[in-house]
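Working through the structure, step by step
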Amino acid sequence: MKKRILLTSFDTWLKDQQSNSSDDLLFEVSKLDLIPHHLTFLRQLPVDVQLASAQVMEKINAIQPDYIICCGMAASRTQLSVEAVASWKEIVLQTEVDLEKLVAESAGIQISHDCGKFVCEGLYYSVSEYLNQNKLTARCIFVHVPVLNQENLIGILADFVLIINKLALSSSC
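Figured I'd write up the structure that's included with this text. (Residues numbered from 1 in each chain as written. Predicted model: local features only at pLDDT ≥ 70, side-chain atom pairs only at ≥ 80, totals over all residues. Heavy atoms only, no water.)

1. A closer look at the pattern of salt bridges
With the rule as written, the count across this model stands at 5 salt bridges. Salt-bridge contacts for Lys-31 lead to Glu-28; the nearest nitrogen and oxygen are separated by 3.2 Å. (Salt bridge = Lys/Arg side-chain N within 4 Å of Asp/Glu carboxyl O.)

Structure representation (C-alpha cells):
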C-alpha cells in the first residue's frame, strides 16, 4: 500500500525574492515520475503561522496522510536541515521520526535543533500539536532548504528524495 505524504512549502516573504527555495524544491520533486508514492503538494503557503497552519490542518483532514514534510527556506544554510524540535514558549515538541535513521545514508543532510523563531517553527509546532491533540498517527518533520542553484540542486534534490523514500518505505523511521 502506498504511503500518503503531504509536502508543504512557503511563498516568498520579501518583495525582492524571486522565489522561495522550499517551493523551488517541491516544484522539482513534482516533475519526478520515479517516486512510487502518493504525494500531495500544498505549495506556496502564506508566510503567516495561523493562515498556513489552518491550510495544512485542512489538508491533513482531507487526505489523512501517513507523513507530513513541511519545508521552509533557510538562506543562511548550505544543506538540507531536518528539524528535531519545535517550541512555543516553554513547550518543546520533538518529532517522532527517528532522524538519525532518516539521514544516515544522505550525502549532506544535517539534524538541526534550531527551527528559528519565524513562521517555520510556528507551522511545525502547530502541525505537531494538532497531530498530538487529535491522536493522529501521521508523523511530521520540518526540512529547511538552502537557496538552490545549479551547483547544489542535484545533490539537495537527491537527499530530499531519499527522505521521501525512507519515510514511505520504512516503518522504523
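2. Side note on the environment of Thr-40
On the secondary structure map, Thr-40 appears in strand β2 (residues 38–45). Exposure remark for Thr-40: the relative accessible area of 14% places this residue in the buried category. Taking the C-alpha atoms as reference points, Thr-40 and Tyr-125, 85 residues apart in sequence, are found 21 Å from one another. Residue contacts for Thr-40: discarding those within four places in its chain leaves Ile-5, Leu-6, Leu-7, Lys-59 and Ile-63. (Helix = DSSP H or I, 4+ residues; strand = E, 2+ residues; numbered from the N terminus. Buried < 20%, exposed > 50% of the residue type's maximum accessible area, 1.4 Å probe, protein only. Contact = heavy atoms within 4.5 Å.)

3. A few points about the packing of aromatic side chains
With the rule as written, the count across this model stands at 3 aromatic pairs. Between Trp-88 and Tyr-125, the aromatic rings sit 6.3 Å apart at their centres with planes inclined by 40°, giving tilted as the arrangement. With Trp-88 in strand β5 (residues 85–88) and Tyr-125 in helix α4 (residues 119–133), this pair connects stretches of sequence that are 37 residues apart. For the ring pair Tyr-124 and Phe-142, a centre distance of 5.8 Å and an interplane angle of 45° mean the geometry is tilted. Of the two residues, Tyr-124 sits in helix α4 while Phe-142 sits in strand β8 (residues 139–145), which places them 18 residues apart along the sequence. In terms of burial, Tyr-124 and Phe-142 fall into one category: buried. (Phe/Tyr/Trp six-rings, centres within 6.5 Å; stacked < 30°, edge-to-face > 60°.)

4. Some points on the sheet that holds strand β7 (residues 110–112)
Consider a sheet: its strands pair through backbone hydrogen bonds, and that pairing is either parallel or antiparallel. Sheet architecture is open: 6 strands sit in the order β2-β1-β3-β8-β4-β7, paired in mixed fashion. On the outer flanks of this sheet lie β2 and β7, each paired with one strand and no other. Each strand axis lies, on average, 25° off the axis of its neighbour in the sheet, ignoring direction. With 3 bridges joining them, strand β4 (residues 81–83) and β8 adopt antiparallel strand pairing. When the bridges of β8 are listed, Val-82 appears paired with Val-143. In this fold helix α5 (residues 153–169) packs onto β1 (4–10), β2, β3 (67–73), β4 and β8, with an angle of close to 160° to the strand it touches most, β3. (Pairing = 2+ DSSP bridges. Axes fitted to C-alpha atoms, helices over the stretch in contact; angles between N-to-C directions.)

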